[in-house]
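Chain by chain, the residues:
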Amino acid sequence: MLNDKLLTALNDQMNYEFYAAHSYLAMAAYCSDQSLDGFANFFLVQAEEERFHAMKFYNFINVLGERAIIQALPAPNNEFTSILDAFEKSLVQEKEVTKKIYHLSDLAWDAREHATINFLKWFIEEQVEEEDLFDSIIQKLKRIDNDSNAFFMLDNEFSKRSFTASDD
C-alpha cells in the first residue's frame with residue numbers, strides 16, 4: 001500500500017502526462033495551421049507517446065490496488081512564434097517532466113517503496129532520451145535557419161515518424 005504522499009504524487013504525474021499530451025496536440029495544431037504536416041505529425045506522435053506514459057501511471061496505480069484520480073487539465077499554450085519556439089517550449093516541458101520524475105523517485109526512495117522505484121527507472125531513462133531528442137532537433141533547426149530545402153527535408157523526415165509502444 002502506497003503512502004498518501006506518494007499516491008498523490010503518482011496521480012499528479014499521471015495527470016501531468018495527460019497535460020503534456022494536450023500540450024503537444026496544441027503544437028501539432030499550430031504546425032497544421034502553418035501547412036507543416038511533417039512537424040504536425042511529429043507532435044501528434046509525441047502526444048500519443050505522452051498518453052501512453054499517462055496510462056502506464058494509471059495502470060501502475062490500479063495494479064497496486066489504489067485509485068487513479070483524473071483531474072481537469074489546464075489549457076495548453078496555443079501561441080507559438082515559430083517551429084523553433086514550439087520545440088524550445090517542448091524542451092522546457094520535458095525538463096519539467098524530468099524534475100517531476102526525479103521528485104517521485106525521491107519520494108519512493110524515502111518511503112522504501114521498491115515497486116515504485118523499479119517502475120520509475122523506465123521513466124528516468126525515457127526522459128534522458130526525450131531531452132536529447134528535443135535538444136538535437138533544436139540544434140538542427142538553428143543550423144538550418146532560413147534554408148528552406150533543409151527545412152522541407154526535416155518536415156518530410158518527421159512525416160514518417162510513428163509511435164510504437166515499448167515497455168522496455
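Our subject is the structure that appears above.
Keep in mind that this is a model prediction, so the values were computed, not measured.

Enquirer: Which residues make up the packing of aromatic side chains, and what values go with them?
Expert: Scanning all chains against the criterion turns up 21 aromatic pairs. Ring centres 6.0 Å apart and planes at 15° place the aromatic pair Y24 and F43 in the stacked group. Placement of Y24 in helix α1 (residues 4-33) and of F43 in helix α2 (residues 37-63) is noted, with a sequence separation of 19 residues between them. The residues Y24 and F43 share a single accessibility class, namely buried. Between F57 and F119, the aromatic rings sit 5.2 Å apart at their centres with planes inclined by 90°, giving edge-to-face as the arrangement. Residue F57 is located in helix α2, and its partner F119 is located in helix α4 (residues 114-144); the two are separated by 62 residues in the primary sequence. Just as F57 is buried, F119 falls in that class too. Members of the aromatic cluster, connected to one another through ring pairs, are Y24, F39, F42, F43, F87, F134, F151 and F158. Positioned above the aromatic ring of Y16, the side-chain terminus of K100 is 4.8 Å from the ring centre.

Enquirer: I'd like to hear about the packing of α4 against helix α5 (residues 148-159), residue by residue, with values.
Expert: Interaxial distance between α4 and α5 falls to 9 Å at its minimum, and their mutual angle equals 150°. On the basis of the axis angle, α4 is roughly antiparallel to α5. Contacts between α4 and α5 involve I137, L141 and I144 on the former and, on the latter, A150, F151, L154 and F158. For the contact of α4 with α5, the residue count by class is seven nonpolar, no polar and no charged.

Enquirer: I'd like a description of helix α3 (residues 83-111), backed by residues and values.
Expert: Here α3 contains 29 residues, and its C-alpha end-to-end distance of 42 Å stays within 8% of the 42 Å for a straight helix at 1.5 Å per residue. R112 occupies a position one or two residues after α3 and carries a positive phi of about 55°.

Enquirer: Account for the pattern of salt bridges, naming residues and giving values.
Expert: Counted under the stated rule, the structure contains four salt bridges. We note a salt bridge from D85 to K89, for which the minimum N-O separation is 2.9 Å. Of this pair, D85 and K89 both sit in helix α3, four residues apart, which is roughly one turn of the helix. Residue D85 is classed as buried on the basis of its relative accessible area of 12%. A relative accessible area of 33% places K89 in the partly exposed class. The shortest N-O distance in the salt bridge between K99 and E96 comes to 3.4 Å. Here K99 pairs with E96, and both are found in helix α3, just three residues apart, close to one helical turn. Residue K99 is classed as exposed on the basis of its relative accessible area of 55%. Judged by relative accessible area, E96 falls into the partly exposed class, the value being 26%.

Enquirer: I'd like a description of a negative patch on the surface, backed by residues and values.
Expert: Where like charges cluster on the molecular surface, the negative patch consists of E125, E129, D132 and D135. Inspection of the secondary structure puts E129 in helix α4.

Rules of the game
Residues numbered from 1 in each chain as written. Predicted model: local features only at pLDDT ≥ 70, side-chain atom pairs only at ≥ 80, totals over all residues. Heavy atoms only, no water. Phe/Tyr/Trp six-rings, centres within 6.5 Å; stacked < 30°, edge-to-face > 60°. Helix = DSSP H or I, 4+ residues; strand = E, 2+ residues; numbered from the N terminus. Buried < 20%, exposed > 50% of the residue type's maximum accessible area, 1.4 Å probe, protein only. Lys NZ or Arg CZ within 6 Å of the ring centre and 35° of its normal. Axes fitted to C-alpha atoms, helices over the stretch in contact; angles between N-to-C directions. Parallel < 35°, antiparallel > 145°, perpendicular 65-115°, else oblique. Contact = heavy atoms within 4.5 Å. Nonpolar A, V, L, I, M, F, W, Y, C, P; charged D, E, K, R; others polar. Expected span 1.5 Å × (residues − 1). Salt bridge = Lys/Arg side-chain N within 4 Å of Asp/Glu carboxyl O. Patch = residues over 30% accessible without salt bridge, like charges linked within 9 Å, V, L, I, M, F, W, Y side chains within 5 Å. Areas by Shrake-Rupley, 256 points an atom, 1.4 Å probe, with all protein chains shown as cover. Lys, Arg positive; Asp, Glu negative; His and termini not counted. Charge placed at Lys NZ, Arg CZ, Asp CG, Glu CD.

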